[in-house]
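Examining the three-dimensional arrangement
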Amino acid sequence: MVVKQSSFGDVTTGVTMEVIESPAKMQERAEALRLAGHTISLVPTMGFLHEGHLELMRVGKKHSDKLIISIFINPSQFAPNEDLGRYPRDTKGDLEKARKVGVDFIFYPSVQEMYPEGYQTNVRVKGITRHLCGISRPGHFEGVTTVVAKLFNITKPHMAVFGQKDFQQLTVISQMVIDLNMDIQIVGVPTVRDPDGLATSSRNKFLSREERISARSLKKSLDLADEMFRNGDRDARVIKKALESFILRHPHTEIDYVTLCDPVTLEDIQTLTDETLVALAVRVGTTRLIDNCVLHRDPDQIISEN
Ligand code: PAF
């Protein structure tokens, strides 16, 4: 579906949503909004919008008076062997969902517009991209930070909203914003889950009925980590092993990683401290899923132990 620059009205709210394909036009509009004194939130997406995205939009809308979302399947964050070609798309459904949430602008550029011939610049965050997904998806975060930096420059937001399901992505983008002195507030929103516990993701669409049942093991394994932590287990190796064998008991699962690490540096830890990130990447059938949680020691427990 080709959408040039068009407006979609909502008869119930009288609000119009504008779809803009051209980066120059989007930049012009964003600048005009700023000059008129508006605050702008950006929610970057790759489309095929689900409840998780809609929650990011609601948060963006609550904290600013103009909400821009971008829909762009960014080829530079996919390796040649990954699922770029089959990444799900639903432009018509996306526009309808965005309109209902009250999005003001959808930035919807083409690959050609984002990476024209002669394009030669990338943004790379070094240390924290060496862990977790950075190991099995080399170059992925460089693709993410490059496109997000471009989206920031094009849409000029005061605030940008990302999901905590992509914990490492959120950490990497926050680091980029600090390192490059970008004047943008980064907000992380808790993971939205379907009633069966599975974290919402555009890729869930690829799961067969049987795989979907197995995919529940990700959240259940995080619950297991939480339970072990509350029961006093502090040895990361023991917890990791328990989670791995729990997940592998479910058919069609193949573990990419189960990691217990520091939530700031993303460095592996051996002994759990007051705050530990448990992060997982698991292939279920042909679909790679990620999930995570942060284990916090109950403050009451710390007081009573002292
Ligand atoms: O999380 C995503 O959907 C993408 O990585 C993002 C942030 C839109 C960049 O392409």
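Parameters at a glance
- Residues numbered from 1 in each chain as written.
- Predicted model: local features only at pLDDT ≥ 70, side-chain atom pairs only at ≥ 80, totals over all residues.
- Heavy atoms only, no water.
- Near = heavy atom within 4 Å.
- Polar contact = N/O pair within 3.5 Å; in protein donor to acceptor, adjacent residues only side chain to side chain.
- Areas by Shrake-Rupley, 256 points an atom, 1.4 Å probe, with all protein chains shown as cover.
- Pairing = 2+ DSSP bridges.
- Helix = DSSP H or I, 4+ residues; strand = E, 2+ residues; numbered from the N terminus.
- Axes fitted to C-alpha atoms, helices over the stretch in contact; angles between N-to-C directions.
- Contact = heavy atoms within 4.5 Å.
- Buried < 20%, exposed > 50% of the residue type's maximum accessible area, 1.4 Å probe, protein only.
- Right-handed = clockwise from strand over helix to strand, strands pointing away.
- Parallel < 35°, antiparallel > 145°, perpendicular 65-115°, else oblique.
- Left-handed = near helix turned anticlockwise from the far one by under 90°.
- Nonpolar A, V, L, I, M, F, W, Y, C, P; charged D, E, K, R; others polar.

**Quick look at the site of the ligand**
Close to the ligand lie Pro44, Thr45, Met46, Asn74, Gln77, Val147, Phe162 and Gln169, which account for all nearby residues. In this structure, Gln77 approaches the ligand through a side-chain N or O atom, which is 2.6 Å from an oxygen atom. In this structure, Gln169 approaches the ligand through a side-chain N or O atom, which is 2.7 Å from an oxygen atom. Isolated, the ligand exposes 290 Å² of accessible area, and the fraction of that covered by the protein chains is 89%.

**Overview of the sheet that holds strand E9 (residues 275–284)**
Hydrogen bonding along the main chain pairs the strands of a sheet, whether they run parallel or antiparallel. As summarised here, the arrangement of the three strands in space is E8-E9-E10, forming an open sheet in which the pairing is antiparallel. The two strands at the open ends of the sheet, each matched to only one other strand, are strand E8 (253–261) and strand E10 (287–296). Averaged over neighbouring strand pairs, the angle between their axes works out to 15° when direction is ignored. Of the strands in this sheet, E8, E9 and E10 touch helix H8 (residues 209–230), which is tilted by about 20° from E10.

**A short note on unusual backbone geometry**
Unlike most non-glycine residues, Leu132 shows phi in positive territory, near 45°. Looking at the secondary structure, you find Leu132 in the loop between helix H4 (111–114) and helix H5 (133–136). Backbone geometry places Asn181, a non-glycine residue, at a positive phi of 50°. Following the sequence through the fold, Asn181 ends up in the loop between helix H7 (167–179) and strand E7 (185–189).

**Looking at the pairing of strand E6 (residues 159–163)**
Consecutive side chains of a regular strand alternate in pointing toward one face of the sheet and then the other. Within E6, four of the five residues are buried, leaving the element largely enclosed by the surrounding structure. Examined bridge by bridge, strand E3 (residues 40–45) and E6 share two bridges and lie parallel to one another. For Ser41, the partnering residue across the bridge sits in E6 and is Met159. Taken together, E6, H7 and E7 constitute a β-α-β crossover, and its handedness is right-handed.

**Some words on the side chain of Gln77**
Structurally, Gln77 can be placed in the loop between strand E4 (66–71) and helix H3 (91–101). Judged by its relative accessible area of 9%, Gln77 falls in the buried class. Dropping the residues within four chain positions of it, Gln77 is found in contact with Met46, Glu82, Arg137, His140, Gly143, Val144 and Val147.

**Considering the pairing of E10**
In terms of residue burial, E10 counts as a mostly covered element, since eight of its ten residues are buried. Sheet analysis places E9 next to E10, joined by ten bridges and oriented antiparallel. Its bridge partner lying in E10, Val284 is registered against Thr287. In this structure, the hairpin formed by E9 and E10 is closed by a connection of two residues, where Gly285 is found at a positive phi of approximately 65°.

**A short note on the packing of helix H6 (residues 140–155) against H7**
The N-to-C vectors of H6 and H7 enclose an angle of 55°; their axes lie 10 Å apart at closest approach. Of the possible angle classes, the one that applies to H6 and H7 is oblique. Where H6 crosses over H7, the two elements pack in a sense that is right-handed. Contact residues: Phe141, Val144, Thr145, Val148, Ala149 and Phe152 in H6; Gln168, Gln169, Val172, Ile173, Met176 and Val177 in H7. Of the residues contributing to the contact of H6 with H7, the split by class is nine nonpolar, three polar and no charged.

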